[in-house]
Amino acid sequence: MKSDPLNKLRTVFAHILLVFLSFLCLFFFYILFVNASRSHADLMKGFTALPGKYFFANLKSVANDGTFPMMRGILNSLIVSGSSAAICTYFSALTAYGLYAYDFKLKKVAFTFIMAILVMPTQVTAMGFLRLITKMGMYDSLLPMIIPSIASPAVFYFMYSYLESSLPLSLVEAARIDGSREFRTFNQIVLPIMKPAMAVQAIFTFVGSWNNYFVPALVIQSKDKMTVPILIALLRGADYMNQDMGKMYMMILVAIVPIIIVYLILSKYIIAGVTLGGVKG
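Quick summary incoming for the structure in this document.

Criteria and thresholds
- Residues numbered from 1 in each chain as written.
- Predicted model: local features only at pLDDT ≥ 70, side-chain atom pairs only at ≥ 80, totals over all residues.
- Heavy atoms only, no water.
- 1 Å grid on protein atoms, 1.4 Å probe; cavity = no way out; pocket = protein on both sides within 12 Å on 5 of 7 lines; lining within 4 Å.
- Points joined across faces, edges and corners; volume = space filled by probe spheres on them.
- Helix = DSSP H or I, 4+ residues; strand = E, 2+ residues; numbered from the N terminus.
- Nonpolar A, V, L, I, M, F, W, Y, C, P; charged D, E, K, R; others polar.
- Expected span 1.5 Å × (residues − 1).
- Buried < 20%, exposed > 50% of the residue type's maximum accessible area, 1.4 Å probe, protein only.
- Core = buried A, V, L, I, M, F, W, Y, C linked by side-chain atoms within 4.5 Å.
- Contact = heavy atoms within 4.5 Å.
- Salt bridge = Lys/Arg side-chain N within 4 Å of Asp/Glu carboxyl O.

What about the layout of surface pockets?
Of the voids in this model, the largest pocket is the one considered here, and its volume is about 1300 Å³. As for the largest pocket, its lining consists of 46 residues, of which Thr122, Pro148, Ser149, Ala151 and Ser152 are closest to the centre. For the lining of the largest pocket, the secondary structure elements donating two or more residues are helix H4 (70-101), helix H5 (107-118), helix H6 (126-135), helix H7 (143-146), helix H8 (153-166), helix H11 (195-210) and helix H12 (214-219). A per-element tally of the lining of the largest pocket places H4 first, with 8 residues. Residue composition of the lining of the largest pocket, by class: 31 nonpolar, 15 polar and no charged.

The following block contains the structure:
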């Protein structure tokens, strides 16, 4: 039986479109690499598609700049983003499991309340949040950027939808009948089932925390506690006569490397997590 020419045309068009979109995505990373390998004087001359000869010189300049602790900033961002991703995914999954597996009078009220928080912008509560952490003695520390990650309505909703599609309550009931305690049931039975969803949300939370500028700018004053977005913003706001564009591009390139590594480690779970979490059984 001959294949339909129209289907062949659609397949060819889809492949061309995917190749084009892939090129657009990778092109900007390549340009960033090219600019990071050029000197400030070369960058001022204009655009070029060929890498320069100053890649390691710019990298050395970033690593050895005592007045601008970029490597310390990357370490701070890794601590904040890694901790936020870990506690956000775990406690959001725990909350979703609690609302999914238990029946109690205020279940619908609790779910509605969490969803209502989802539409509240961070800027609305910024001043109250700043006063709270100041009174608690956490101003100018990394803790205010980590602790609030425990409560994430968006991640909770994704986890709840995933549980509806992939976790039969009969499995939980069987564990209870066998004498399994609730936390053991969650940690040893539910969490392995939720691994794809947790990996997906860990990536999103890590990237969101890594790119977060508003909260660190609000609570951090010391340079040795600043995260990557703050340090890059400071460099961009420096005196124009003292700017080194090659160094700036190198800093941006170095800053996105941890995100790429995390994505590569957890990327195999993305398709499974998004598909199963978005389709109810």
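After that view of the structure, there is still more to cover.
A short note on helix H1 (residues 5-36)
Taking 1.5 Å per residue, 32 residues should reach 46 Å; H1 reaches 47 Å between its end C-alpha atoms and fits that length. Those residues of H1 not exposed but buried are Ile31, Leu32, Val34, Asn35 and Ala36.

Description of the nonpolar core
In globular proteins that are soluble, nonpolar side chains generally tend to be buried together. Among the nonpolar cores identified, the biggest contains 38 residues, and Met70, Met145, Trp210, Val219 and Val228 are the most heavily contacted of them. Tallying contributions element by element places helix H14 (residues 245-266) first for this core, with 10 residues. Contact partners of Trp210, with chain neighbours within four places excluded, come to Ile74, Ser77, Leu78, Ser81, Val228, Pro229, Ala255, Pro258 and Ile259. One finds Tyr100, Phe158, Val190 and Leu191 within the second-largest nonpolar core, a separate group that totals 24 residues.

A look at the pattern of salt bridges
Enumeration over the complete set of coordinates arrives at 4 salt bridges. A salt bridge links Lys45 to Asp42, with the shortest nitrogen-to-oxygen separation between them at 3.9 Å. With a gap of 3 residues between them, Lys45 and Asp42 both fall in helix H2 (residues 40-45), about one helical turn apart. Residue Glu173 is joined to Arg176 by a salt bridge in which the shortest nitrogen-to-oxygen separation is 3.1 Å. Of this pair, Glu173 and Arg176 both sit in helix H9 (residues 169-177), 3 residues apart, which is roughly one turn of the helix. For Glu173, a relative accessible area of 40% gives the class partly exposed.

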